[in-house]
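Remarks on the overall topology
Here is what each chain is made of, one letter per residue.
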Amino acid sequence: MSALEITGLRRVYQRKRGDPLEALRGIDLVVPEGEVHGLLGPNGAGKTTLCKIVSTVLLPTSGTVRVLGHDVVTDTAGVKSSLGIVFGGDKGAYDRLTARQNLTFWASVYGITGTRRRRRVGELLERVGLAERAEEVVGGFSRGMKQRLHLARGLVSDPGVLILDEPTVGMDPVAARDFRALVGELRGGGTTILMTTHDMAEAAALSDRVSLIDQGRLVMTETPETVGDLVSAYERVDARGVPERVREQLAVLPGVVSVTGTGGGLTRVETEAPEATLAVQRALVDAEVRDVSLSRPTLEEVYLHLVGGRGMGVDP
Amino acid sequence: MITPVQAARTVRHAAVIARADLGVVYSWRTWLFGWLIRLLCQMVFYSLVGVLVGDPEYTVHIVLGAAVMTCVAETMLATASTCWDRHQGTMGLLTASPVEPGVFYFGRSLQWPASATATTSIALLAVPPFFGIAWEWHQVPVLVGIVVLTCLSTYCMTMLVASFALVLSEARNIISAISTTCVIAISGAMVPVEFWPVPVQWIAQALPVTHGLAAVRAVEAGAPASAVLASVGLMLLAAACWLSLALVSFRQVFARARTGNGALD
Amino acid sequence: MRRLLGGFTLGLGFQLRAMVRSADTYFALVGAPLTTVVLMSMMLYSGRTDLASYAVVAPTLMSLWTAGLMFAGEMISEDRENGRLEPLLASPVSLPSLVFGRLCGAMFISLPAFALAIVTAGLVFGVWITIHHPVVFVLAVLATSLATAATVTALSAVFIVAPGARIVQNSLSMPVFLLAGVMVPVALFPVWLEGASRVLYLSWGADLFRDALEPAPVEAVALRLLTMAALGAAALAFGSLTLVRFLRRARAEGTLSRV
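Residues numbered from 1 in each chain as written. Chains lettered and ligands numbered in written order. Predicted model: local features only at pLDDT ≥ 70, side-chain atom pairs only at ≥ 80, totals over all residues. Heavy atoms only, no water.

1. A short note on the overall build of chain C
Counting its secondary structure elements, chain C contains 11 helices and 0 strands. Counting from the amino terminus, chain C carries its helices and strands in the arrangement α-α-α-α-α-α-α-α-α-α-α. Rg of the C-alpha trace for chain C: 19 Å, near the compact-globule value of 18 Å for 259 residues, within the 12% margin. Structurally, chain C occupies a C-alpha span of about 60 × 35 × 35 Å along its principal axes. Within chain C, buried positions represent 53% of all 259 residues. In chain C, the proportion of contacts linking residues at least 24 apart, taken out of those at least 6 apart, comes to 78%. The distance from the centre of the 17 positive side-chain charges to the centre of the 13 negative ones in chain C is 11 Å. (Helix = DSSP H or I, 4+ residues; strand = E, 2+ residues; numbered from the N terminus. Rg over C-alpha atoms; globule rule 2.2 N^0.38 Å. Buried < 20%, exposed > 50% of the residue type's maximum accessible area, 1.4 Å probe, protein only. Contact = heavy atoms within 4.5 Å. Lys, Arg positive; Asp, Glu negative; His and termini not counted. Charge placed at Lys NZ, Arg CZ, Asp CG, Glu CD.)

So, in structure tokens, the structure goes:
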């Protein structure tokens, strides 16, 4: 049995003004048990809508979603008891309760009682490194501590499937690293994880497979290595004060995808192979253009380019 | 379907949040010198109207009514605390959890009926003697008992109001203000229920506090225990109906949120 | 002077625009007709229709004070939380006069509140209140509004100096209504209590409001207006001084943006 089975999933938001918004346009995805699946995409791609539907917070417009065999529409109770969710950000805890009280509350909401609950809460506090601060009111916690508490809360029912929606958003690098280490441990424990992120490095570090989602569609599902190769192939060169003649020369070099002016006298050249980048740099040096910088496009830009045939300089 | 044991557990744990909230909203000092004084002033404010119109018998009527209304003003605060989850960011987690929403909210604002039991008891026992009502010692436990049940029953009514406020959370204060004043107007606190047109009287009969107040008046008048018990029985019946409606309403609110209309987070 | 006047008119205009859009305004207003219903029913039930005007005056004054208190409590702390306080202080306007101007703007709420109370008494109970002394009435409205704005300016200063005091903000309404005799005239109180009430400008305002609606001639109008003006001015002076002192200290200690 698959941990997560999504077939033909569509979600349309009716808006008061304007046309209905189609957030998900037919998603098909199967996540086997024990897999850590990264869901990558820019803001507004439909990642959060997908998470909400899987976690029974939102109904699908059409299509089916099964979590460990339970349908999110017809067997909501079954889904709820086999699913843990962690939303990013530092909201979502009762600030006036202690860490232990928060976890105890959620444990009892999930029907865990008595000594089992006490033990479970204690274990989780230990595991996320909050045992020493367990009796402190959450309102005084740092962002990183709150997010660790959220992870503990998501795990309180010992769920078979864990949804992490942008779990490291706003975390400082150290906290994010610790958080990833925790997720790595879970992965070893056999928990199926669906994690959304717009951070390529994060997805690559943690996921068994990565899906790219854009404008409500699943663009591709690959291993992180494959996606990583795609990203590293693309580069861009920004230069200032490039004469029009040189720009024309650059545009016809092999491997150059586009040459655009981004305002302020800045010229951006996008390439799809390292050799092309070298050629561009050489041409610029020959033309005595001094102000040159090299950068790598974000994953978002790369796959927007890949799937849409849109230039990387174009704002999505 | 949720079992009574599960329900009790949910209420108990939600009440932990209620207690923590109360501790933040009030210290014992601000409770005593701020909140209690405010409620007692409100009671005296209405009671003095009896003095103004110059009718001692009517003054007694108002004093008792105003004392019992203390519990309405306070339990109605549950409309606000019901909406607090929306600011805490816990709403999405609650909707995704298997919790029975109405039961959770019943526990989540229990601080108000608890506090209301104290304030209303003080209002009912301490102020009337200044307006010529002398309680006898054996009446005190009876009155406190009625107050406890009236606070809880009124709280059941408040739960339905709170379920509406959860959807219209911007207007939660207006909703609770309108509800409180309407109850004060028609429940027989300031003027007898019979003063109002018949349809309004029917609505008044559906309010738990109308019967709780009737029970208090029966105690004051030295009516037989059966009369007091009858009023209390009617009150509990009304409370059960309100609570049932509230449970259904909270479920509807959560179900509606799932369709994407009326999102709660 | 220009600084003061500029701040005042700026605040007044700002508040009026803000209030139209704020749900809180309507919250403060919705109480007026409902309280009228409760108080009117008591007058009619006890057969004292001669006191009907009391049941209209009280809700109006209650709205006035509630709105003043509400806006006074939130105004500065909201500015502070949203990081608007520092740019405001860096600007050339005077903060006390801006606050006073905004709170004067908030007083315009008394007009719809009074209208709602009158219409409620008329439509629900068929009792239409007549204003027997329109000139006195207008003067009473003006004086009471200005004195209220001045008093809540002082309170807003207290709230910012001692944020803990905001906890009792909501508790401050009923004791004032009672003590100021917005419904039951303080003349009916025991002598010692009446003396205390007379320190509150609102007790003078409530009496003058009621007298303006009664057919009997109104006595000592000028003296009563002057008393209110004096009480209001004292409150405003206290509020302005407290604010200015607070700002000076906050600038010195760098505690302005801290909440």
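Further notes follow.
2. Observations concerning the interface of chain B and chain C
Residue-level contacts link 30 residues of chain B with 35 residues of chain C. Summed over both partners, the interface of chain B with chain C comes to about 2800 Å²; 87% of that surface belongs to carbon and sulfur atoms. There are 0 salt bridges connecting chain B and chain C. Linking chain B with chain C are 1 residue pair in polar contact (both at pLDDT 80 or more), by the criterion used here. Of all the secondary-structure elements, those providing two or more residues to the side of chain B that touches chain C are α2 (28-53), α3 (56-75) and α9 (172-186) of chain B. Broken down by element, the residue count for the side of chain B that touches chain C peaks at 14 residues, all from α2 of chain B. (Buried area = accessible area lost by both parts, 1.4 Å probe. Salt bridge = Lys/Arg side-chain N within 4 Å of Asp/Glu carboxyl O. Polar contact = N/O pair within 3.5 Å; in protein donor to acceptor, adjacent residues only side chain to side chain.)

3. A few points about unusual backbone geometry
All names here are of chain A. Residue Leu-68 is not a glycine yet carries a positive backbone phi of 45°. By the secondary structure assignment, Leu-68 is in the loop between β4 (62-67) and β5 (70-71). Of note, the phi angle at Asp-158 is positive, near 50°, even though the residue is not glycine. Relative to the elements of secondary structure, Asp-158 occurs in the loop between α5 (143-154) and β7 (161-165).

4. Quick look at the packing of helix α4 (residues 78-88) of chain B against helix α6 (residues 101-108) of chain B
Residue and element names in this part refer to chain B. The N-to-C vectors of α4 and α6 enclose an angle of 115°; their axes lie 9 Å apart at closest approach. Relative to α6, α4 is oriented roughly perpendicular. In this structure, the crossing between α4 and α6 has a hand that is right-handed. Note on element contacts: α6 touches α4 through Phe-104, Tyr-105 and Arg-108, opposite Ser-81, Thr-82, Trp-84 and Asp-85. Within the contact of α4 with α6, the residues separate by chemical class into 3 nonpolar, 2 polar and 2 charged. (Axes fitted to C-alpha atoms, helices over the stretch in contact; angles between N-to-C directions. Parallel < 35°, antiparallel > 145°, perpendicular 65-115°, else oblique. Left-handed = near helix turned anticlockwise from the far one by under 90°. Nonpolar A, V, L, I, M, F, W, Y, C, P; charged D, E, K, R; others polar.)

5. What to know about the pairing of β4 of chain A
All names here are of chain A. Alignment of strand β1 (residues 2-13) against β4, held across 5 bridges, turns out to be antiparallel. Of the residues in β4, the one forming a bridge with Ile-6 is Val-65. Across 2 bridges, the pairing between β4 and β5 is antiparallel. In the strand pairing of β5, Arg-66 is matched with Asp-71. (Pairing = 2+ DSSP bridges.)

6. Let's talk about the environment of Thr-154 of chain B
All names here are of chain B. Here Thr-154 is to be found in helix α8 (residues 139-167). You can call Thr-154 buried: its relative accessible area is 1%. Placed 115 residues apart in sequence, Thr-154 and Leu-39 show a C-alpha to C-alpha distance of 17 Å. Ignoring any residue separated from it by four or fewer positions in sequence, one finds Thr-154 in contact with Cys-71, Val-72, Thr-75, Pro-208 and Val-209. Separated by 2.7 Å, the side chain of Thr-154 and the backbone oxygen of Thr-150 make a polar contact.

7. Digging into the sheet that holds strand β9 (residues 209-214) of chain A
Residue and element names in this part refer to chain A. A sheet is described by the order of its strands in space; here 6 strands give the open sequence β6-β7-β8-β3-β9-β10, paired in mixed fashion. Both outer strands of the open sheet, β6 (83-87) and β10 (217-222), are each paired with one neighbouring strand and no more. Strand-to-strand, the axes of this sheet are offset by a mean angle of 15°, without reference to chain direction. Against the sheet, α5 touches β6 and β7, its axis set at about 165° to β6.

8. Some details on the pattern of salt bridges
Applying the stated criterion across every chain yields a total of 21 salt bridges over all chains. Here Arg-268 of chain A ties to Asp-238 of chain A by a salt bridge, and the two come within 2.9 Å at their closest N and O atoms. Remark: Asp-238 of chain A occurs in strand β11 (residues 235-240) and Arg-268 of chain A occurs in strand β13 (residues 266-271); sequence separation between them is 30 residues. The exposure class of Asp-238 of chain A is buried, given its relative accessible area of 9%. The salt bridge involving Arg-48 of chain C is made with Asp-50 of chain C; its shortest N-O contact spans 3.1 Å. Judged by relative accessible area, Arg-48 of chain C falls into the partly exposed class, the value being 25%. Residues joined by salt bridges that share partners form a network here, namely Arg-96 of chain A together with Asp-21, Asp-85 and Arg-108 of chain B.

9. Some words on the packing of aromatic side chains
Under the counting rule described, the total for this entry stands at 17 aromatic pairs over all chains. The interplanar angle of 50° and the centroid separation of 5.5 Å between the aromatic rings of Phe-105 of chain A and Phe-104 of chain B together place this pair among those described as tilted. Taken as a pair, Phe-105 of chain A in helix α3 (residues 99-109) and Phe-104 of chain B in helix α6 lie in two separate chains rather than in one. Just as Phe-105 of chain A is buried, Phe-104 of chain B falls in that class too. Aromatic pair Tyr-105 of chain B and Phe-250 of chain B: ring centres 4.7 Å apart, planes at 20°, arrangement stacked. Of the two residues, Tyr-105 of chain B is situated in helix α6 and Phe-250 of chain B in helix α12 (residues 225-259); the sequence distance between them amounts to 145 residues. The exposure class of Tyr-105 of chain B is buried, given its relative accessible area of 0%. In this structure Phe-250 of chain B comes out as buried when scored by relative accessible area, which is 0%. One aromatic cluster is present, formed by Tyr-94, Phe-105 and Trp-106 of chain A together with Phe-104, Tyr-105, Phe-250 and Phe-254 of chain B through successive ring pairs. (Phe/Tyr/Trp six-rings, centres within 6.5 Å; stacked < 30°, edge-to-face > 60°.)

10. A few points about the interface of chain A and chain B
The partner chain B presents 31 residues to the 31 residues of chain A that form the contact. Buried surface at the junction of chain A and chain B, both sides included, amounts to about 2700 Å², of which 59% is carbon and sulfur. Considering only the side of chain A, the residues that lose the most area to chain B are Tyr-94, Arg-96 and Phe-105 of chain A, jointly responsible for 24% of the buried surface there. Counting the contacts that link chain A with chain B gives 1 salt bridge. When residues in the side of chain A that touches chain B are grouped by element, the largest group, 6 residues, is from α3 of chain A.

11. Brief notes about the sheet that holds strand β14 (residues 292-295) of chain A
Residue and element names in this part refer to chain A. Pairing is antiparallel in the open sheet, where 4 strands are placed in the order β12-β13-β11-β14. A single partner strand is all that each edge strand has here, and the edge strands are β12 (256-261) and β14. For this sheet, the mean angle separating the axes of adjacent strands, direction not counted, is 20°. With 5 bridges joining them, β12 and β13 adopt antiparallel strand pairing. Residue pairing across strands places Ser-258 opposite Glu-270, the latter belonging to β13. Of the strands in this sheet, β11, β12, β13 and β14 touch helix α10 (residues 274-286), which is tilted by about 10° from β11.

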